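Listed below, chain by chain, are the residues.
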Amino acid sequence: MTRPVRIGVQLQPQHAPDYGLIRDAVLRSEDAGVDIVFNWDHFYPLTGDPDGEHFECWTMLGAWAEQTERVEIGALVSGGGYRNPDLLADMARTVDHISGGRLILGIGAGWFEKDYDNFGYDFGTAGSRLKLLGEYLPRITNRLEKGNPAPTRHIPVLIGGGGEKKTLRLVAEHADVWHSFGDRETHLRKSGILADHCADVSRDPAEVEHSVSWPGAEDAAGLVADGVTLFTVGVTGPDYDLTTLLEAISWRDKQEA
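So, here is what we can say about the structure in this document. (Residues numbered from 1 in each chain as written. Predicted model: local features only at pLDDT ≥ 70, side-chain atom pairs only at ≥ 80, totals over all residues. Heavy atoms only, no water.)

### Remarks on the overall build of the chain
Point 1. What the chain contains, in helices and strands, is nine helices and nine strands.
Point 2. Relative to the compact-globule value of 18 Å for 257 residues, the chain shows a C-alpha radius of gyration of 17 Å, a close match.
Point 3. In terms of its C-alpha atoms, the chain occupies a principal-axis envelope of roughly 45 × 45 × 40 Å.
Point 4. For the chain, buried positions account for 53% of its 257 residues. (Helix = DSSP H or I, 4+ residues; strand = E, 2+ residues; numbered from the N terminus. Rg over C-alpha atoms; globule rule 2.2 N^0.38 Å. Buried < 20%, exposed > 50% of the residue type's maximum accessible area, 1.4 Å probe, protein only.)

Here's what the structure looks like:
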């Protein structure tokens, strides 16, 4: 299965005292030629002032669905335990329609304890959070199938994480896109493990797109050779400097030339 190399940007919704700064960054990203605009699903900043300005993920995606015309949009990634899964599926179906079929449903098990503690969720353990994600993914699929009107397309599911026994099994069972972390050697090793899980569930591993954070132009070519086709540049507020994103887009365009 041959896929084009794509560039995403994660506009981290932190340290922006005015939402207009984020709206402007979305506009500049789409105009620059990015393929996907992501945010993240946290309630507090992950870097800088831990109690700094921050905005919520899914209400923002609804606004992006109206604002943008071409790019795909999504969360990198939604916290699996933050919302009832049937509700999350219906939110995704609605944003899918608002955007005209451009939503990616990114989801993970969750890890940021401050989010859980301050918003009243049970943090549990890594194992319990993964177990919950495993229970929620079929419910999300089932609810999407029941939606009226139905989604405009099969909404791609992106699962983020690299746990070799549980997370990669969920990727094999449910994901259209796998976002992994670590260096090239780690990605190669875990790709092999993912392929084994795909074989166990009678799925072609080529059906799963591989996604990583932008490593820089020097390392990106090697990752493409290893099967990665989606690279995402992280950008934080309040300035949302897109210099690195523009470099990544320029690199992508040279691959297509």
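Let us keep going from here.
### Description of the packing of helix 5 (residues 126-146) against helix 6 (residues 167-174)
Point 1. In contact at an axis separation of 11 Å, helix 5 and helix 6 are set at 5 degrees when each is read in the N-to-C sense. Judged on the interaxial angle alone, helix 6 and helix 5 are roughly parallel. Residues Leu130, Leu133, Gly134, Leu137 and Pro138 of helix 5 touch helix 6, and the partners they reach there are Thr167, Leu170 and His174.
Point 2. Here the contact of helix 5 with helix 6 is built from residues that sort into five nonpolar, three polar and no charged. (Axes fitted to C-alpha atoms, helices over the stretch in contact; angles between N-to-C directions. Parallel < 35°, antiparallel > 145°, perpendicular 65-115°, else oblique. Contact = heavy atoms within 4.5 Å. Nonpolar A, V, L, I, M, F, W, Y, C, P; charged D, E, K, R; others polar.)

### A word on helix 8 (residues 217-225)
Point 1. Residues of helix 8 that are buried include every one of Ala220, Gly222 and Leu223, and no others. Down the axis, helix 8 shows its buried residues gathered within 165 degrees of arc, on one side only. Relative to its buried face, helix 8 has exposed residues pointing more than 90 degrees away, namely Glu218 and Ala225.
Point 2. Residues of helix 8 that are buried make contact with helix 7 (184-200), strand 8 (209-213), strand 9 (228-236) and helix 9 (243-256).
Point 3. Phi turns positive, to about 110 degrees, at Gly227, one or two residues after helix 8. (Arc of directions from axis to C-beta.)

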